[in-house]
Amino acid sequence: MPTLEANFDGLVGPTHNYGGLSYGNVASSSNSARPSNPKQAAQQGLHKMKSLHDLGMLQGVLAPQSRPDLNTLRRIGFSGTDNQVIDQAAKKAPALLVSCYSASSMWTANAATVSPSTDCKDGRLHFTPANLVNRFHRSIEHATTGRILQATFANQECFAHHQALPSSDHFGDEGAANHTRFCSAYGQSGVEFFVYGQQAFSGTAPKPARYPARQSLEASQAVSRLHGLKEQHVVFAQQNPAVIDAGVFHNDVIAVGNGLVSFYHQQAFLNPKQVSHDLQSAINQAGHGEMQFIEVPNNQVSVQDAVTSYLFNSQLLCLPHLAPGKMAMVVPQECHSNVKVSAYLDELVAGDNAIDQILTFDLQQSMINGGGPACLRLRVVLNAAEQSAVNPACMMNSHLFTRLMSWTETHYRDRLIEADLADPQLLIESHSALDELTQILHLGSVYDFQF
């Protein structure tokens with residue numbers, strides 16, 4: 001088997017709801033308290049996974065978090081039976097209950113940073129779960145995320161798992177949403193590109209004024225050290241603080257890369273020319289060819305257009321049916337609803353560049369809550385031995401797709417509003433669904449309620 005890049009998409013959880021919890025994420029904030037459809041959300045994600053599998057991608061599934069997070073509610077003073085904890089929180093601290101019911105683990109681009117074995121000194125593939133300290137509802141995810149990753153990638157000879165970084169804004173880490181890897185072939189040592197929003201230990205360095213910078217340089221440097229990356233094959237770059245203040249809360253909302261292609265907005269980086277220079281220099285050091293930098297001009301697609309359409313929260317994929325060196329771009333249907341973005345995409349595929357095809361998916365349930373195609377997937381480069389070592393029950397195929405679609409039909413509601421979170425029956429439904437899911441995916445006991 002050749003070395004391939006796999007996508008592991010997060011399965012949307014049964015408590016998918018619009019809590020408006022993510023300050024700085026415009027879609028999340030503006031759609032607060034809107035009715036959600038958990039069943040549709042999960043099935044939209046499953047259809048994307050199955051479609052990409054059918055096109056030749058190595059496609060996996062990552063289980064969601066268990067929600068509500070009763071352990072966290074008990075840690076902050078609610079007590080009694082599970083039903084009593086939920087009732088107390090609903091009456092005395094409804095905002096906390098909403099946070100502990102968040103289904104945001106569906107966006108697995110935030111789950112962890114992943115470095116392929118060819119990049120790491122010990123020859124193993126490394127995972128570091130993101131601490132997500134900037135948002136309370138996400139900061140409680142990393143312990144379970146680590147257990148799910150370890151159950152999916154269990155072979156210690158192939159895979160190395162680290163703890164999340166210290167839970168401090170100084171080491172704010174948002175995972176692969178601010179990390180890209182460039183290479184001419186997946187099996188070769190590549191260049192790892194870390195984008196940060198602030199230097200946490202500097203009082204004078206540039207930083208956004210309105211919205212928080214969720215990724216620190218210090219966190220990115222720590223992950224690079226943990227994974228044993230070669231310094232000459234790592235590039236750190238600062239995101240433009242102005243675009244963070246415009247609602248670009250992660251780099252994957254304003255830039256995406258694959259192979260030797262960097263596709264980004266004109267205003268994505270604080271020093272774009274320096275970024276291009278540093279990337280090409282690192283690529284040269286690693287023995288690869290010329291990078292292709294596709295800079296999208298602001299006069300064709302504004303930052304606001306990028307945020308509302310999620311043009312850059314796309315996936316760039318090397319698919320078997322495409323000519324060598326060509327890629328497909330996976331975009332949400334909202335890109336075609338925006339006249340300027342749609343026109344730009346038409347021009348892009350007609351032009352002389354690597355992007356040869358546009359694949360469009362309906363991900364409305366995720367988009368309303370602030371996440372597009374790239375948010376939903378974690379990229380994992382696997383050589384032949386590593387592919388064989390992955391938990392096979394987590395790999396997408398026709399049988400798993402049919403079973404998970406049936407599972408969502410059985411366990412998921414098709415309408416959920418904030419008031420429903422106080423219903424103890426929702427807890428029972430969620431635990432029942434996830435307990436069955438761990439059996440379908442052969443994960444063992446990964447949830448607190450299973451211990």
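Worth saying up front: this structure is predicted, and the values here are computed from it rather than measured. (Residues numbered from 1 in each chain as written. Predicted model: local features only at pLDDT ≥ 70, side-chain atom pairs only at ≥ 80, totals over all residues. Heavy atoms only, no water.)

Asks: Before we move on, can you summarise the sheet that holds strand E9 (residues 255–258) with the specific residues and values?
Replies: Strand order in the open sheet formed by three strands is E9-E10-E11, and the pairing between neighbours is mixed. For this open sheet the edge positions go to E9 and strand E11 (292–296), each flanked by a neighbour on one side alone. Taken over all neighbouring pairs, the strand axes of this sheet differ in orientation by 10 degrees on average, direction set aside. With five bridges joining them, strand E10 (residues 261–265) and E11 adopt parallel strand pairing. Considered in E11, the bridge of Tyr264 is made with Glu295. (Pairing = 2+ DSSP bridges. Helix = DSSP H or I, 4+ residues; strand = E, 2+ residues; numbered from the N terminus. Axes fitted to C-alpha atoms, helices over the stretch in contact; angles between N-to-C directions.)

Asks: Pulling in residues and values, what's your account of the side chain of Asp305?
Replies: Tracing the backbone through its elements, the reader meets Asp305 in helix H11 (residues 303–309). Each residue touching Asp305, except ones within four places of it in the same chain, is listed here: Tyr310, Asn338, Lys340 and Val341. (Contact = heavy atoms within 4.5 Å.)

Asks: How would you explain the pattern of salt bridges if you had to name every residue and give the values?
Replies: Inspection of the entire model under this criterion finds 12 salt bridges. Among the ionic pairs, Lys48 bridges to Asp9, the shortest N-O distance being 2.8 Å. With Lys48 in helix H2 (residues 38–54) and Asp9 in strand E1 (residues 4–10), this residue pair connects regions lying 39 residues apart in the sequence. Lys48 gets classed as buried once you look at its relative accessible area, which sits at 0%. (Salt bridge = Lys/Arg side-chain N within 4 Å of Asp/Glu carboxyl O. Buried < 20%, exposed > 50% of the residue type's maximum accessible area, 1.4 Å probe, protein only.)

Asks: Help me get a handle on the sheet that holds strand E3 (residues 112–115), residues and values and all.
Replies: Read across the open sheet, the three strands follow the order E3-E4-E5; overall the sheet is mixed. Every other strand in the sheet has two partners, leaving E3 and strand E5 (159–161) as the edge strands with one partner each. Going from strand to strand, the sheet's axes swing by 15 degrees on average, the running direction of each strand aside. With three bridges connecting them, strand E4 (residues 125–129) and E5 associate as parallel partners. Across the sheet, the residue bridging to Phe127 is His161, located in E5. Running over the sheet, helix H7 (residues 142–152) touches E3, E4 and E5 and is turned about 160 degrees from E4.

Asks: Talk me through helix H8 (residues 217–226); I want residue IDs and the actual numbers.
Replies: By the criterion of burial, H8 is predominantly enclosed, with seven of the 10 residues buried. Listing the buried residues of H8 in full gives Leu217, Glu218, Ala219, Ser220, Ala222, Val223 and Ser224. If you follow the buried residues of H8, they end up packed against E3, E4, strand E7 (191–196) and strand E8 (234–238). Just downstream of H8, Gly228 is the residue with a positive phi angle, here 70 degrees.

Asks: Lay out the packing of aromatic side chains in plain terms, naming residues and giving numbers.
Replies: This structure, assessed with the given rule, holds 13 aromatic pairs. Where Phe127 meets Phe153, the ring centres are 4.6 Å apart and the plane angle is 35 degrees; that geometry is what we call tilted. Of this pair, Phe127 sits in strand E4 while Phe153 is found in the loop between H7 and E5, placing the two residues 26 residues apart along the sequence. Each of the two residues, Phe127 as well as Phe153, counts as buried. Taken together, the aromatic side chains of Phe8, Phe127, Phe153 and Phe159 make up a single cluster linked through ring pairs. For Lys50, the ring lying beneath its charged end belongs to Phe401, and the centroid distance is 5.7 Å. (Phe/Tyr/Trp six-rings, centres within 6.5 Å; stacked < 30°, edge-to-face > 60°. Lys NZ or Arg CZ within 6 Å of the ring centre and 35° of its normal.)

Asks: I'd like to hear about the packing of helix H16 (residues 398–411) against helix H17 (residues 424–440), residue by residue, with values.
Replies: Contact geometry for H16 and H17: axes closest at 10 Å, N-to-C directions at 170 degrees. Relative to H17, the element H16 lies roughly antiparallel. Crossing hand, H16 versus H17: right-handed. For the pair H16 and H17, the contacting residues are Leu400, Arg403, Leu404, Trp407 and His411 in the first and Ser432, Ala433, Leu434, Glu436, Leu437 and Ile440 in the second. Taken together, the residues of the contact of H16 with H17 break down into seven nonpolar, two polar and two charged. (Parallel < 35°, antiparallel > 145°, perpendicular 65-115°, else oblique. Left-handed = near helix turned anticlockwise from the far one by under 90°. Nonpolar A, V, L, I, M, F, W, Y, C, P; charged D, E, K, R; others polar.)

Asks: Would you mind going over the nonpolar core in detail, with residue names and values included?
Replies: In this structure, Phe263 and Leu311 are the most contacted members of the largest nonpolar core, which totals 104 residues. When neighbours within four sequence positions are excluded, Leu311 is seen to be in contact with Phe263, Val301, Ala306, Met329, Cys335, Val341, Tyr344 and Leu345. (Core = buried A, V, L, I, M, F, W, Y, C linked by side-chain atoms within 4.5 Å.)

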